[in-house]
Amino acid sequence: MSTAADMCCQTIRGHILEGIYQPGERLPAERKLAEAMGVNRVTIRSALSQLAAAKLVRVRQGSGYEVQDYRRVGGLDLIEDVIKKAQRVGRFTEIARDLLLVRRNLARAVLERLAQTPISADTLSQISTAIDAFGQVALAKADTQTLADRDIDVVACLLHATGSSVLGLCLNPISETLRHSAPLREAIYSQPEANLVGWRTLLPWLINPALATVSDIIDAFAARDEQSLERLESLT
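Keep in mind that this is a model prediction, so the values were computed, not measured.

Draft legend 1. Just the pairing of strand β1 (residues 57-60), in detail. Where β1 and strand β2 (residues 64-67) come together, four bridges link them in antiparallel fashion. For Arg-60, the partnering residue across the bridge sits in β2 and is Gly-64. Hairpin geometry of β1 and β2 is characterised by an intervening segment of three residues between the two adjacent antiparallel strands and by a positive phi of about 80° at Gly-62.

Draft legend 2. Broad picture of the pattern of salt bridges. Enumeration over the complete set of coordinates arrives at 15 salt bridges. Two residues, Glu-30 and Arg-45, come together in a salt bridge whose shortest N-O distance is 2.9 Å. Placement of Glu-30 in helix α2 (residues 30-37) and of Arg-45 in helix α3 (residues 41-53) is noted, with a sequence separation of 15 residues between them. Looking at Glu-30, the relative accessible area reads 15%, which means it is buried.

Draft legend 3. Summary view of the nonpolar core. Grouped together as the largest cluster of nonpolar side chains are 48 residues, with contacts concentrated most on Leu-114, Leu-158 and Leu-206. Secondary structure elements with two or more residues in this core: α5 (79-88), α6 (92-116), α7 (121-139), α8 (144-162), α9 (165-180), α10 (182-188), α11 (192-207) and α12 (214-235). Looking at this core, the element that brings in the most residues is α6, giving 10 residues. The residues contacting Leu-206, other than those within four sequence positions of it, are Leu-114, Ile-119, Leu-124, Ile-127 and Leu-158. In terms of nonpolar packing, the next biggest core, distinct from the first, is built from 20 residues, Leu-17, Ala-54, Leu-56 and Val-57 among them.

Draft legend 4. Representation of the packing of α7 against α11. Taken N-terminus to C-terminus, the directions of α7 and α11 make an angle of 165°; their axes are 9 Å apart at the nearest point. With respect to their mutual orientation, α7 and α11 come out roughly antiparallel. Remark: the crossing between α7 and α11 carries left-handed chirality. Here Leu-124, Ile-127, Ser-128, Ile-131, Asp-132, Phe-134, Gly-135, Ala-138 and Leu-139 of α7 come into contact with α11, specifically with Pro-192, Glu-193, Asn-195, Leu-196, Trp-199, Arg-200, Leu-203, Leu-206 and Ile-207. Looking at side-chain class alone, the contact of α7 with α11 contains 12 nonpolar, three polar and three charged residues.

Draft legend 5. The environment of Gly-75, seen in detail. Summarising the element assignment, Gly-75 is placed in the loop between α4 (70-73) and α5. On the basis of relative accessible area, Gly-75 is assigned to the partly exposed category, the value being 37%. Gly-75 sits 19 residues away from Leu-56 along the chain, and the two C-alpha atoms are 9.9 Å apart.

Draft legend 6. Fine view of the side chain of Asp-225. Note on placement: Asp-225 falls in helix α12. Ignoring anything within four residues of it in the chain, the contact list for Asp-225 reads Leu-100, Arg-103 and Arg-104.

Reading the values: the criteria
- Residues numbered from 1 in each chain as written.
- Predicted model: local features only at pLDDT ≥ 70, side-chain atom pairs only at ≥ 80, totals over all residues.
- Heavy atoms only, no water.
- Pairing = 2+ DSSP bridges.
- Helix = DSSP H or I, 4+ residues; strand = E, 2+ residues; numbered from the N terminus.
- Salt bridge = Lys/Arg side-chain N within 4 Å of Asp/Glu carboxyl O.
- Buried < 20%, exposed > 50% of the residue type's maximum accessible area, 1.4 Å probe, protein only.
- Core = buried A, V, L, I, M, F, W, Y, C linked by side-chain atoms within 4.5 Å.
- Contact = heavy atoms within 4.5 Å.
- Axes fitted to C-alpha atoms, helices over the stretch in contact; angles between N-to-C directions.
- Parallel < 35°, antiparallel > 145°, perpendicular 65-115°, else oblique.
- Left-handed = near helix turned anticlockwise from the far one by under 90°.
- Nonpolar A, V, L, I, M, F, W, Y, C, P; charged D, E, K, R; others polar.

As structure tokens, then:
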């Protein structure tokens, strides 16, 4: 359950992301914010601390809190807020295109690492099992949330195979963002059998990976992403 501080944080956070408070602008004094939101200054101070931790504001000694440019200093934790804003202003497909582009480029890095790193038989078995699990829910016409969960399980196995924590830390937030967006799930998993074919096509490559063919795989991913974006456009 959200606390009063959390709700105040979300309100101010929304104002910053919407541009009501501009980068470089000083926030109203704690007292004025507290009065406007009907809370005490301790609550506001806690909310501002959360915003500072998210790098949305910074403390200027003797000057209160200054809004930072989230585009320059923000992290992946702000993507969900950016998506919500894009939905409100009719730019959701544009943001989705960028998300899929980032995912593809990270996928390229994963495949390049796998092409250079021997994959054990046990790891291949785990990947195959995860793909089979996705296949079961795909053929059963499961809901898109279940499909996304099983899809991410396959991605997790591939990330584990790379041995790279950095790739996982970069890709996981993107995967989670896509998973939590109902319109994107509907677009990406509207034809789950096609997703399954893509995973099963990748298996032979994993057995004998070749760096030279990574671009071909990514091109296939790009074609599927374009189809998903077309479906998203019709849904939104």
